[in-house]
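# Inside the fold
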Amino acid sequence: MLELSIFAAKVSEWHTNYALKESNAVRGHDKQTPYYVHPIGCAYFIMEDNNGISYEKRLELAVAMMGHDLKEDTAIIENGINLETEIKYIFGDSDFAKRCDSLINKCTLEPGLGSMDEYRILLERQEDVQAELWYLKLVDKYFNIFGSKEYFIKKNTLQKYLEFLEFLIYKVKDTEFKDSSFIASAESLIAKYNKLQEIK
């Protein structure tokens, strides 16, 4: 879909030009990979997750994933960029834009949180969390750890992060996204990393 590619180009531009600080412009694991690679990459994988999830729902989730860090990590608002308006302009659907913007807002539990703080808050608020947010957090955290194992080992947070991922899997299994391919992928990754730690 051309509209998704146009939005992806906008997201990469906003993360590059309006990052609040240098660390918001690149990924933490190597300080070189452009940050926008993460949300855009996650979004395109969501579009491939055709396991009981309609095309319309995948598109909504993909757009929300692309935009999920923009309001927190960039100065788009200060520069007059309104995400709901941009999404409406690109996709031509005001209801779709409202739903996407609402999901983006829900992804930011509180500004400036690290993953372990997110884990704590999701545990506290789990009765009020909607299915889409559990799914988006699973995809987000899965790809955070997918290529960054050494980064988490260095910070001595790998085991806690794997625990967080397991919790997200458990929650997603109880939603309409229970057949998502990310569940099996995340479970396999957890098993692999746990085995490597046992060997060490």
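Everything below is about the structure printed above this text.
Read on for an overview of the structure. Per chain, residues are indexed from 1 in the order of the written sequence. Local features are withheld for residues below a pLDDT of 70 in this predicted model, meaning they are given only at 70 or higher, and side-chain atom pairs are given and counted only at 80 or more; totals for whole chains, interfaces and linings count all residues. With hydrogens and water set aside, each side-chain value is computed from the structure's full complement of heavy atoms.

## As for the overall build of the protein chain
Applicable threshold: Numbering goes from the N terminus for both helices and strands, where a helix is a DSSP run of H or I of at least four residues and a strand is a run of E of at least two. We take the radius of gyration over the C-alpha atoms and set the globule estimate at 2.2 Å times the residue count to the 0.38 power.
Secondary structure summary: the protein chain contains eleven helices and zero strands in total. Along the protein chain, helices and strands appear, N-terminal first, in the series α-α-α-α-α-α-α-α-α-α-α. The C-alpha atoms of the protein chain give a radius of gyration of 17 Å, which matches the 16 Å a tight globule of 200 residues would have. Counting only C-alpha atoms and orienting by the principal axes, one finds that the protein chain spans roughly 50 × 40 × 30 Å.

## Quick word on helix α2 (residues 37–48)
Test applied: A helix is expected to span 1.5 Å multiplied by its residue count minus one. Type-normalised accessible area, obtained with a 1.4 Å probe on protein chains alone, sets the label of each residue: buried when under 20%, exposed when over 50%, and partly exposed for intermediate values.
A rise of 1.5 Å per residue sets the reference length of α2, with its twelve residues, at 16 Å; its end C-alpha atoms lie 17 Å apart and thus fit the reference within 8%. Within α2, the full set of buried residues consists of His38, Pro39, Ile40, Cys42, Ala43, Ile46 and Met47.

## Quick look at helix α5 (residues 83–91)
Just so we agree on the cut-off: Directions from the helix axis toward the C-beta atoms define the arc. Note on contacts: a residue pair is in contact if any heavy atoms of the two residues lie within 4.5 Å. Two N or O atoms count as a polar contact when they lie within 3.5 Å, although within protein this holds only if one can serve as hydrogen donor and the other as acceptor, and sequence-adjacent residues are included solely when both atoms are side-chain atoms.
Among the residues making up α5, those that are buried are Leu83, Glu86, Ile87, Ile90 and Phe91. When α5 is viewed along its axis, its buried side chains cluster within an angular range of 110° and face the same direction. For α5, the elements touching its buried residues are α1 (2–17), α3 (55–67), α4 (70–73) and α6 (94–107). Put simply, Asn82 is the residue that caps the front of α5, since its side-chain oxygen is 3.1 Å from the backbone nitrogen of Glu84. One or two positions beyond α5, positive phi appears at Gly92, with a value near 70°.

## So, the pattern of salt bridges
Put simply, the test is: Counted as salt bridges are all cases of a side-chain nitrogen of Lys or Arg within 4 Å of a carboxyl oxygen of Asp or Glu.
The full count for this structure, using the stated rule, is twelve salt bridges. Of the charged contacts, one joins Lys137 and Glu118 as a salt bridge, the two residues approaching to 2.3 Å between their closest N and O atoms. Placement of Lys137 in helix α8 (residues 131–146) and of Glu118 in helix α7 (residues 115–125) is noted, with a sequence separation of 19 residues between them. Here Lys141 makes a salt bridge to Asp140, at a shortest N to O gap of 3.5 Å. What makes Lys141 buried here is its relative accessible area of 3%. One network of salt bridges, in which partners are shared, links Lys57, Glu60, Arg99 and Glu132.

## Brief notes about the packing of aromatic side chains
What describes a pair of aromatic rings is the distance from one ring centre to the other and the angle between the planes of the rings. The line we're drawing: Stacked, tilted and edge-to-face are the three classes assigned to paired rings of Phe, Tyr and Trp, where Trp is represented by its six-membered ring and a pair needs centres within 6.5 Å; plane angles under 30 degrees give stacked, over 60 edge-to-face, the rest tilted.
Per the stated rule, a full pass over the model turns up 13 aromatic pairs. Look at Phe143 and Phe182: their rings are 5.8 Å apart centre to centre, the planes differ by 75°, and that puts the pair in the edge-to-face class. Of this pair, Phe143 sits in helix α8 while Phe182 sits in helix α11 (residues 181–199), and the two are 39 residues apart along the sequence. Phe182 carries the same exposure label as Phe143, and that label is buried.

## Remarks on the environment of Cys42
Looking at where Cys42 falls in the secondary structure, it is placed in helix α2. C-alpha separation for the pair Cys42 and Lys106, spaced 64 residues apart in sequence, amounts to 17 Å. When neighbours within four sequence positions are excluded, Cys42 is seen to be in contact with Met65, Val139 and Phe143.

## Points about the nonpolar core
Short version of the rule: We call a set of buried Ala, Val, Leu, Ile, Met, Phe, Trp, Tyr and Cys residues a nonpolar core when their side-chain atoms join them within 4.5 Å.
Ranked by size, the top nonpolar core spans 62 residues in total, and within it Phe7, Ile46, Ile87, Phe91 and Leu138 carry the most contacts. Ranked by residue count, the leading element in this core is α8, at ten residues. Here Phe91 is in contact with Met1, Glu3, Leu4, Phe7, Leu59, Val63 and Phe96, once residues within four sequence places are set aside.

## Notes on the side chain of Thr175
Among the secondary structure elements, Thr175 is positioned in the loop between α10 (158–172) and α11. On the basis of relative accessible area, Thr175 is assigned to the buried category, the value being 12%. At 2.7 Å, the side chain of Thr175 and the backbone oxygen of Val172 are in polar contact. Residues in contact with Thr175, not counting those within four places in the same chain, are Ala131 and Trp134.

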